[in-house]
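# Observations on the three-dimensional arrangement
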Amino acid sequence: MARSLGHDVRQIPEELQTALIHTFEENWRDERRRAALGFHLPFGEGSHRWSVRRFEGASIH
């Protein structure tokens, strides 16, 4: 996201980082909704470390 907006990904502006985290968490607060799409928080709520679960039978191309 940062790169697509023209930012150096090694120095993402704090305002952008905060806005992205806030938006993502507000939209993905419902755990069942997240799970249905494969997202989860491997380090628990509030960790800001999201992960995507790989679905059975999925292949990487």
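Presented here is a report on the structure given in the accompanying data block. (Residues numbered from 1 in each chain as written. Predicted model: local features only at pLDDT ≥ 70, side-chain atom pairs only at ≥ 80, totals over all residues. Heavy atoms only, no water.)

## Brief notes about the overall build of the chain
Counting secondary structure elements, the chain contains 2 helices and 2 strands. The order of helices and strands in the chain, counted from the N terminus, is α-α-β-β. Across the 61 residues that make up the chain, the buried fraction comes to 13%. Sequence separation of 24 or more characterises 7% of the internal contacts of the chain that already satisfy a separation of 6 or more. Carbon and sulfur atoms provide 52% of the accessible area of the chain, an area that totals close to 5,400 Å². (Helix = DSSP H or I, 4+ residues; strand = E, 2+ residues; numbered from the N terminus. Buried < 20%, exposed > 50% of the residue type's maximum accessible area, 1.4 Å probe, protein only. Contact = heavy atoms within 4.5 Å. Areas by Shrake-Rupley, 256 points an atom, 1.4 Å probe, with all protein chains shown as cover.)

## Brief notes about the pattern of salt bridges
In this structure the tally under the stated criterion is 1 salt bridge. Put simply, R10 and D8 hold a salt bridge, and the shortest N to O gap is 3.1 Å. When its relative accessible area of 72% is taken as the criterion, R10 is described as exposed. Look at D8 and you get partly exposed, because its relative accessible area is 33%. (Salt bridge = Lys/Arg side-chain N within 4 Å of Asp/Glu carboxyl O.)

## A look at the side chain of H40
Here H40 is to be found in strand β1 (residues 39-40). Note on H40: relative accessible area 18%, which makes it buried. Residues in contact with H40, not counting those within four places in the same chain, are R49, W50, S51, V52 and R53.

## A closer look at the packing of aromatic side chains
Evaluation of the coordinates by the stated rule reveals 0 aromatic pairs. We note R49 situated over the ring of F43; from NZ or CZ to the ring centre the distance is 5.3 Å. (Phe/Tyr/Trp six-rings, centres within 6.5 Å; stacked < 30°, edge-to-face > 60°. Lys NZ or Arg CZ within 6 Å of the ring centre and 35° of its normal.)

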